[in-house]
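Coordinate inspection notes
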Amino acid sequence: MATTYFTADHEWLRVEGSIATVGITDYAQEQLGDLVFVELPETGKKLSKGDTAVVVESVKAASDVYAPVDGEITEANGTLSSDPSLVNSAATGAGWLWKMRLADESQLAGLMDEAAYKAHIG
Amino acid sequence: MTGNDTRHLPLEDIHVAAGARFGAFAGWSMPLTYPAGVMKEHLHTREQAGLFDISHMKLFEVSGPEAVSLLNRACPLDAGALDISQSKLSFFLNEAGGILDDLIVTRLGDSRFMVVANAGNAVADEKHLRALAADFDARVEPLDRVFLAIQGPEAWAALSRAGIETGSLLFMHGVEPRNNWFMSRSGYTGEDGFEIGLPEADARDLVAKLLGDERVLWIGLAARDSLRLEAGLCLHGQDITPETDPASAGLMWAIPKDIRASGAFIGADALRAAVERGPAQKRVGLKPEGRQPVRGGAALFDADGNPAGHVTSGGFGPSAGHPVAMGYVVTPLAKSGTRVFADVRGTKIPVDISSLPFTPHRYRKG
């Protein structure tokens, strides 16, 4: 059973076992506007919480997406290389950014659930 | 989100009602995008007609018996050679020949001119022009106007339906079609279009009529930037600054030949010396390979890794379908097709020097 968590930086994590799929929220994609490029991470890259994992580029600006927890990249969403607009049209589905193996599952306790995130964005 | 000094557009309520997302630009709270989004707004402007609120820009009326002399001192311009209703791109230069601002000057009458200045420089421009005016029998009057731009192939037809005939007005000409109105066939997108300065009440009426036309959409500052970048047009503060002169910026075409040789404008000696020396760097178009945008501020290198220049504006060109940028490179590399490399977060992205514009201008010249 998957559990979905949210961060104050407008990311979502869907955790199944020790693997988290990470993306940005619908609120975040709306703020960014039309995306034209996603700089994806290499598989195997080890990240600490707060490291830049992905850079998403809109027509106007580049924005960092940070690793919400420690872990190792197991897969990047290669579809986004040819169709970055998936992040706009399906932010919480086909527009996922990367999957990572969690290094410390206890870090999940510091994240928000959907109700808390909704309250966060007001 | 912004300081107390932030200025607000007179029509802000209309933009709020249209669902605009706002952001700070040059001291103003400006609509960045509307619900359609930057990509659709950009493409709509090229295909139909985009409406822009550019009231952050400033109109000055310069008049008086010595208005021509004042402008010839302030700008590398032969103001007296302009036909009535003719507009010209010009500059305020500093004594070193650097560009303080770029302006559009339109001759309204024998001794009356309209000067349109950039938002970020409007206060300094007014001070500069007023100080110069002390030596001439001329007046500088900042006008309190809403300033709208309507751009795109359907712009003239939309204005016509709104009751404004643009008939014989050609690109880079401006007229006063109604009391306290100024309308020029000009813009910042590379498309045919118009810029109209008018009193707020008239503007509200015109906007309502234009938005009743299905061909017309509000366009925000984000698409204004991608449109002008594709069109190869400079943004002051980025692509041209007080540290760049018209020669390195590739803008000498805006300065008449006899004025280059003998004009008594501020910065004339320095500009002549710069032309004589030849610019060390030149402004060029930059086409990054692949899909990744290269942004303003990125450093450029030649094939051997030597510094070659820098990017001043960059983003994605929705009509071009690829990233577009402009910047300065050392003169020997400033040739179309030359490959340089942009440093983007530590990765070297291949970038080809490209001729400007990226999308052909479609001005109505005759």
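Residues numbered from 1 in each chain as written. Chains lettered and ligands numbered in written order. Predicted model: local features only at pLDDT ≥ 70, side-chain atom pairs only at ≥ 80, totals over all residues.

1. Quick look at the overall build of chain B
The helix and strand inventory of chain B stands at nine helices and 20 strands. Computed over C-alpha atoms, the radius of gyration of chain B comes to 20 Å, within 12% of the 21 Å expected from 2.2 N^0.38 for 366 residues, which places it in the range of a compact globule. On the principal axes, the C-alpha backbone points of chain B span a range of 60 × 50 × 45 Å. A burial count over chain B gives 51% of its 366 residues as buried. Long-range contacts, defined as pairs at least 24 residues apart, comprise 68% of the intrachain contacts of chain B with a sequence gap of at least 6. (Helix = DSSP H or I, 4+ residues; strand = E, 2+ residues; numbered from the N terminus. Rg over C-alpha atoms; globule rule 2.2 N^0.38 Å. Buried ≥ 20, exposed ≤ 12 C-beta atoms within 10 Å, placed from the backbone. Contact = placed C-beta atoms within 7 Å.)

2. Focus: the sheet that holds strand E7 (residues 62-66) of chain A
All names here are of chain A. If you trace the three strands from one edge of the open sheet to the other, you get E4-E6-E7, paired in antiparallel fashion. Edge positions in the open sheet fall to strand E4 (35-39) and E7, since each of these has one partner strand only. On average, adjacent strands in this sheet sit at an angle of 25 degrees to one another, irrespective of strand direction. (Pairing = 2+ DSSP bridges. Axes fitted to C-alpha atoms, helices over the stretch in contact; angles between N-to-C directions.)

3. Looking at the domain arrangement of chain B
Residue and element names in this part refer to chain B. Split into domains, chain B comes out as domain 1 (7-55 + 145-230), domain 2 (57-140 + 245-278) and domain 3 (280-354). A C-alpha centroid distance of 31 Å is found between domain 1 and domain 3. Across the boundary between the two partners, domain 1 contributes eight residues, which contact nine residues of domain 3. Within the residue set of the side of domain 1 that touches domain 3, elements represented by two or more residues are helix H2 (38-47) and helix H7 (221-230). (Domains from an automatic or database assignment.)

4. Side note on the interface of chain B and chain A
In this complex, chain B contributes 15 residues to the contact, which on the side of chain A involves ten residues. At the level of secondary structure, the elements contributing two or more residues to the side of chain B that touches chain A comprise H2, H7 and strand E17 (307-317) of chain B. Ranked by residue count, the leading element in the side of chain B that touches chain A is H7(B), at three residues. Class assignment for the residues of the side of chain B that touches chain A results in six nonpolar, five polar and four charged. (Nonpolar A, V, L, I, M, F, W, Y, C, P; charged D, E, K, R; others polar.)

5. Overview of the confidence of the model for chain B
Counting all residues, the mean pLDDT for chain B is 97, and 99% of those residues have values of 70 or more. In the model output, the complex is listed with pTM 0.95 alongside ipTM 0.86. (pLDDT = per-residue confidence, 0-100.)

6. Thoughts on the packing of helix H3 (residues 67-74) of chain B against helix H4 (residues 122-133) of chain B
Residue and element names in this part refer to chain B. Taken N-terminus to C-terminus, the directions of H3 and H4 make an angle of 125 degrees; their axes are 10 Å apart at the nearest point. Looking at the two axes, H3 sits oblique to H4. Crossing geometry of H3 relative to H4 is assigned as right-handed. Contacts from Leu70, Arg73 and Ala74 in H3 reach Leu129, Leu132 and Ala133 in H4. (Parallel < 35°, antiparallel > 145°, perpendicular 65-115°, else oblique. Left-handed = near helix turned anticlockwise from the far one by under 90°.)

7. Here's the deal with H3(B)
Along H3(B), seven of the eight residues are buried, which leaves the element largely enclosed by surrounding structure. The inward-facing, buried residues of H3(B) abut strand E5 (58-63), strand E6 (87-93), strand E7 (99-109), strand E8 (112-117) and H4 of chain B.

8. Here's the deal with the sheet that holds strand E1 (residues 3-6) of chain A
All names here are of chain A. Sheet architecture is open: six strands sit in the order E1-E2-E3-E9-E8-E5, paired in antiparallel fashion. The sheet is open, and its two edges are formed by E1 and strand E5 (46-47), each paired on a single side. Of the strand pairs in this sheet, strand E8 (residues 71-76) and strand E9 (residues 98-102) are connected by five bridges, and their pairing is antiparallel. What sits directly across from Glu75, in E9, is Lys99.

9. A short note on unusual backbone geometry
Residue Pro357(B) is bonded to the preceding Leu356(B) through a cis peptide linkage, with omega at 0 degrees. Within the secondary structure, Pro357(B) is located in the segment after strand E20 (347-354). Residue His10(A) is not a glycine yet carries a positive backbone phi of 70 degrees. Along the chain, the position of His10(A) falls in the loop between E1 and strand E2 (11-16). Here Asn180(B), not a glycine, exhibits a phi torsion of approximately 65 degrees, which is positive.

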